[in-house]
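Each chain, written out:
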Amino acid sequence: MATARSQGEVRWPAIQVLEGCTLCPVCANVCPTGAVKRVREGEEYVLELEVAACTGCGGCVASCPPQVIELVEAGRDRVLAEEPEELFRGEPEWS
Ligand code: SF4
Ligand code: SF4
């Protein structure tokens, strides 16, 4: 029998980061599961997200000083990815 959702479909909370991110450490600091990390690569910083570790709690969304984080839904490929995904990268304004 057909169901509203096909068997095996995965929908999971995730976040996206819009232009205007200052690469401050707030989201990485407040995330209770460590899903968001800020990693240094040379002169740049990279914000990375492990989608499977995001609970959609919204802590980062509420705490981001310039309010550039949005909650979104991720599908199976992003949830099961072995590597964290890149949310944002750049040279911080304060460096
Ligand atoms: S998304 Fe917001 S809280 Fe996270 S590093 Fe960028 S400015 Fe800071
Ligand atoms: S929504 Fe919650 S769990 Fe997901 S990245 Fe933001 S703070 Fe972490």
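Read on for a plain summary of the structure. (Residues numbered from 1 in each chain as written. Chains lettered and ligands numbered in written order. Predicted model: local features only at pLDDT ≥ 70, side-chain atom pairs only at ≥ 80, totals over all residues. Heavy atoms only, no water.)

**Brief notes about the overall build of the protein**
At step 1: Across its full length, the protein holds 3 helices and 5 strands.
At step 2: Its helices and strands in sequence order give the protein the pattern β-α-β-β-α-β-α-β, from N to C terminus.
At step 3: When contacts within the protein are restricted to residue pairs at least 6 apart in sequence, those whose partners lie at least 24 apart make up 73%.
At step 4: Summing over all exposed atoms, the protein offers an accessible surface of approximately 6,000 Å²; the carbon and sulfur share of this is 50%. (Helix = DSSP H or I, 4+ residues; strand = E, 2+ residues; numbered from the N terminus. Contact = heavy atoms within 4.5 Å. Areas by Shrake-Rupley, 256 points an atom, 1.4 Å probe, with all protein chains shown as cover.)

**A few points about the sheet that holds strand β2 (residues 36–41)**
At step 1: Here we have 3 strands laid out as an open sheet, ordered β2-β3-β5, and antiparallel in their pairing. Looking at the sheet topology across the chains shown, the edges are occupied by β2 and β5 (85–90). Neighbour-to-neighbour, the strand axes of the sheet open up by a mean angle of 25°, direction not taken into account.
At step 2: Here strand β3 (residues 44–49) pairs with β5 via 5 bridges, running antiparallel. (Pairing = 2+ DSSP bridges. Axes fitted to C-alpha atoms, helices over the stretch in contact; angles between N-to-C directions.)

**Overview of the site of ligand 1**
At step 1: In the region of ligand 1, 13 residues are neighbours, and Cys21, Thr22, Cys24, Cys27 and Cys64 sit closest.
At step 2: Each residue belonging to the shell around ligand 1 can be placed in one class, and the counts come to 12 nonpolar, 1 polar and no charged. (Near = heavy atom within 4 Å. Nonpolar A, V, L, I, M, F, W, Y, C, P; charged D, E, K, R; others polar.)

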